[in-house]
Amino acid sequence: MLKLAGCICILAASTGMAYSGILRLRMELYQIEILMDLFTAVEGELAYCRCPLPELMERIAEHMPAPFNAILEQSSSRMEENCEPDIPVLWADACEQYSVQLMVPKEAYEVLLRLGEVFAYSSLESSLKLLRLGQKKLELLMEGRNAEFAGRRKVYCSLCYMAGLFLIILLL
């Protein structure tokens, strides 16, 4: 009876490991989508609103989920306080502070850091070009991650279940 209970616990643990791995992959894809939405929102606000940067960031932060809204709000408040004269450095500091909560791959994080350069440009055209370039990079990254997702999901499930079965065989 105890061996049966142990086997069930091991299978439950391996299922939980597979589920947490898949959940991490899904969260990564979700945050890349949110990052693409952030770039679209910034492009729209820059092109049509033309309000001051702190106000622009606050307006966008209202529609973004965490941690992106926190990054925007912190950058906005620090701009209003004139804590850092260099906007890309200010943006990079805010991104660095919330980097633990961001579950994006390194390539997407680099694109997020480049968003600070968009805020520093005085030319609207160059800002919009840089935003479009970032959007294209994110779209390519998203396509690649979506293609990998199905294969990685199968690998996670197979490995976790096989490890669980291996432990069960060892215990019996």
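The present account deals with the structure reproduced in this document.

Reading the values: the criteria
- Residues numbered from 1 in each chain as written.
- Predicted model: local features only at pLDDT ≥ 70, side-chain atom pairs only at ≥ 80, totals over all residues.
- Heavy atoms only, no water.
- Helix = DSSP H or I, 4+ residues; strand = E, 2+ residues; numbered from the N terminus.
- Rg over C-alpha atoms; globule rule 2.2 N^0.38 Å.
- Buried < 20%, exposed > 50% of the residue type's maximum accessible area, 1.4 Å probe, protein only.
- Contact = heavy atoms within 4.5 Å.
- Core = buried A, V, L, I, M, F, W, Y, C linked by side-chain atoms within 4.5 Å.
- Phe/Tyr/Trp six-rings, centres within 6.5 Å; stacked < 30°, edge-to-face > 60°.
- Patch = residues over 30% accessible without salt bridge, like charges linked within 9 Å, V, L, I, M, F, W, Y side chains within 5 Å.
- Areas by Shrake-Rupley, 256 points an atom, 1.4 Å probe, with all protein chains shown as cover.
- Salt bridge = Lys/Arg side-chain N within 4 Å of Asp/Glu carboxyl O.
- Lys, Arg positive; Asp, Glu negative; His and termini not counted.
- Charge placed at Lys NZ, Arg CZ, Asp CG, Glu CD.

Considerations on the overall build of the protein chain
Here comes step 1: Assigned secondary structure in the protein chain consists of 6 helices and 0 strands.
Here comes step 2: Counting from the amino terminus, the protein chain carries its helices and strands in the arrangement α-α-α-α-α-α.
Here comes step 3: The C-alpha radius of gyration of the protein chain comes to 21 Å, more than 25% above the 16 Å expected for a compact globule of 172 residues.
Here comes step 4: Counting across all 172 residues of the protein chain, residues that qualify as buried make up 40%.
Here comes step 5: Residue pairs at least 24 apart in sequence account for 69% of intrachain contacts in the protein chain once pairs closer than 6 positions are excluded.

Some details on the nonpolar core
Here comes step 1: Membership of the largest hydrophobic core comes to 43 residues, with the highest contact counts inside it found for Leu-38, Trp-91, Leu-112 and Leu-115.
Here comes step 2: Sorting the residues of this core by element identifies α1 (2-49), α2 (53-61), α3 (68-80), α4 (87-97), α5 (106-120) and α6 (124-171) as the ones contributing at least two each.
Here comes step 3: With 10 residues, the top contributor of residues to this core is α1.
Here comes step 4: For Leu-115, the residues in contact, after removing those within four places along its chain, are Leu-38, Phe-39, Val-42, Trp-91 and Leu-131.

Focus on the packing of aromatic side chains
Here comes step 1: According to the stated counting rule, one finds 1 aromatic pair in the structure shown.
Here comes step 2: A centroid spacing of 5.4 Å and a plane angle of 70° characterise the contact between Trp-91 and Phe-119, whose relative ring orientation is edge-to-face. Of the two residues, Trp-91 sits in helix α4 while Phe-119 sits in helix α5, which places them 28 residues apart along the sequence. You'll find Trp-91 and Phe-119 in the same group, each marked buried.

Considering the environment of Gly-164
Here comes step 1: Note on placement: Gly-164 falls in helix α6.
Here comes step 2: Note on Gly-164: relative accessible area 3%, which makes it buried.
Here comes step 3: Spatially, the C-alpha atom of Gly-164 lies 5.6 Å from that of Leu-11, the residues being 153 residues apart in sequence.
Here comes step 4: Aside from chain neighbours lying at most four places away, what touches Gly-164 is Ile-10 and Ser-14.

Observations concerning a nonpolar patch on the surface
Here comes step 1: Taken together, Leu-11, Tyr-161, Met-162 and Leu-165 make up a surface patch of nonpolar side chains, about 360 Å² in accessible area.
Here comes step 2: Take the nonpolar patch: its biggest share by element is 3 residues, from α6.
Here comes step 3: Tracing the chain through its elements places Tyr-161 in helix α6.
Here comes step 4: Using a relative accessible area of 35% as the deciding quantity, one classes Tyr-161 as partly exposed.

Let's talk about unusual backbone geometry
Here comes step 1: Here Ala-66 and Pro-67 are connected by a cis peptide whose omega angle stands at 0°.
Here comes step 2: Along the chain, the position of Pro-67 falls in the loop between α2 and α3.

Examining a negative patch on the surface
Here comes step 1: Together, Glu-55, Glu-58, Glu-62, Glu-73, Glu-80 and Glu-81 line one region of the surface with negative charge.
Here comes step 2: Elements with a minimum of two residues in the negative patch: α2 and α3.
Here comes step 3: Relative to the helices and strands, Glu-58 resides in helix α2.
Here comes step 4: The partly exposed category is assigned to Glu-58, whose relative accessible area is 35%.

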